[in-house]
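Coordinates in review
Each chain, letter by letter, is given below.
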Amino acid sequence: MIGSRAPLAARLLDLPVMSESLRENEAPILSFKDLKVWQLGVELVVLVRNFTLELPASEQFQITAQLRRASVSIPTNIAEGRGRNTRKDYAHFVAIARGSACEVWTLLEVCERLKIGAGTRECKVMVERIIQMLWKLGKSLSRPGQEPGPSRTSSADFVNQPD
């Protein structure tokens, strides 16, 4: 059950944001598998799958399928971008992964508003962290003064604010 993993959401807020630059005492990033954002993306796929198992059968070919596809798109685009030959290509795939993360967040918001499924908050916290990490990764890949994508997305855009 999703609710039994509540400590994960709290731990996500303490994760350092990963960029391509090396920090003191960090191993070099040799593969996409070394990227914390890719690792978190794979964890999100598992979390979303477990979440969608609890959705009503009537949503199987709608929200369930879309959530699963969008969540899988995040780590796969990170991996594909990392395997490309240029920073520009890599940044492009990171931007696609960020767009997929925004799509997942939106679908979770729809589930919340429809009052279907339990555990949307934990999933949303993870997605918000991934969006933040992807934004920073994309920014580190772009040349100074050049934005990695058509719009600036902040994780603050995905946090519920009181009216």
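Treat the numbers as computed from the prediction; the structure is a model and nothing was measured.

1. Observations concerning the packing of helix α2 (residues 36–53) against helix α5 (residues 120–141)
For the pair α2 and α5, the least separation of the axes is 10 Å and the interaxial angle reads 155 degrees. On the basis of their axis angle, the class for α2 and α5 is roughly antiparallel. Considering only the axes of α2 and α5, their crossing is left-handed. On α5, the residues touching K36, V37, L40, G41, E43, L44, L47 and F51 of α2 are T120, E122, C123, M126, V127, R129, I130, M133, L134 and L137. Within the contact of α2 with α5, the residues separate by chemical class into 12 nonpolar, two polar and four charged.

2. Some details on the packing of helix α3 (residues 60–82) against helix α4 (residues 87–114)
Relative orientation of the contacting elements α3 and α4 amounts to 160 degrees, with a least axis distance of 8 Å. The angle between α3 and α4 places the two elements in the roughly antiparallel class. Where α3 crosses over α4, the two elements pack in a sense that is left-handed. Per-class residue counts for the contact of α3 with α4 are 16 nonpolar, six polar and three charged.

3. Structural notes on the packing of aromatic side chains
Scanning the entire structure with this criterion turns up one aromatic pair. Relative to W38, the ring of F32 lies with its centre 5.2 Å away and its plane at 70 degrees, an arrangement referred to as edge-to-face. Residue F32 is classed as partly exposed on the basis of its relative accessible area, which comes to 26%. The cationic tip of K33 hangs over the ring face of F32; the distance from NZ or CZ to the ring centre is 6.0 Å. Note that K124 overlies the ring of W105, its terminal NZ or CZ placed 4.3 Å from the centroid.

4. Concerning α3
For α3, built from 23 residues, the straight-helix expectation of 33 Å at 1.5 Å per residue is met to within 8% by its first-to-last C-alpha distance of 32 Å. Remark: the principal bend of α3, roughly 30 degrees, maps to I74, with a proline, P75, within the next four residues.

5. Thoughts on the pattern of salt bridges
Within this structure, the stated rule accounts for five salt bridges. Among the salt bridges present, the one from E80 reaches R84, with a minimum N-O distance of 2.7 Å. Residue classification places E80 among the partly exposed residues on the basis of a relative accessible area of 36%. Ionic pairing is found between E109 and K124, a salt bridge with its closest N-O pair at 2.3 Å. Taken together, the residues span a long stretch of sequence, with E109 in helix α4 and K124 in helix α5 at a distance of 15 residues. Beyond isolated ion pairs, a larger network of salt bridges with shared partners links E109, E112, R113 and K124.

6. Some words on α5
What sets the pattern is the α-helix's 3.6 residues per turn: residues three or four places apart point alike. In this model, α5 (22 residues) spans 31 Å end to end at C-alpha, consistent with the 32 Å of a helix rising 1.5 Å per residue. The element α5 is largely enclosed, with a buried count of 17 among its 22 residues.

7. What about the nonpolar core?
Counting 37 residues, the largest nonpolar core has L67, I74 and I130 as its most contacted members. Put simply, the parts of the chain that give this core at least two residues each are α2, α3, α4 and α5. Take this core: its biggest share by element is 11 residues, from α4.

Definitions and limits used
- Residues numbered from 1 in each chain as written.
- Predicted model: local features only at pLDDT ≥ 70, side-chain atom pairs only at ≥ 80, totals over all residues.
- Heavy atoms only, no water.
- Axes fitted to C-alpha atoms, helices over the stretch in contact; angles between N-to-C directions.
- Helix = DSSP H or I, 4+ residues; strand = E, 2+ residues; numbered from the N terminus.
- Parallel < 35°, antiparallel > 145°, perpendicular 65-115°, else oblique.
- Left-handed = near helix turned anticlockwise from the far one by under 90°.
- Contact = heavy atoms within 4.5 Å.
- Nonpolar A, V, L, I, M, F, W, Y, C, P; charged D, E, K, R; others polar.
- Phe/Tyr/Trp six-rings, centres within 6.5 Å; stacked < 30°, edge-to-face > 60°.
- Buried < 20%, exposed > 50% of the residue type's maximum accessible area, 1.4 Å probe, protein only.
- Lys NZ or Arg CZ within 6 Å of the ring centre and 35° of its normal.
- Expected span 1.5 Å × (residues − 1).
- Bend = angle between axes of the 7 residues up to and from the residue.
- Salt bridge = Lys/Arg side-chain N within 4 Å of Asp/Glu carboxyl O.
- Core = buried A, V, L, I, M, F, W, Y, C linked by side-chain atoms within 4.5 Å.

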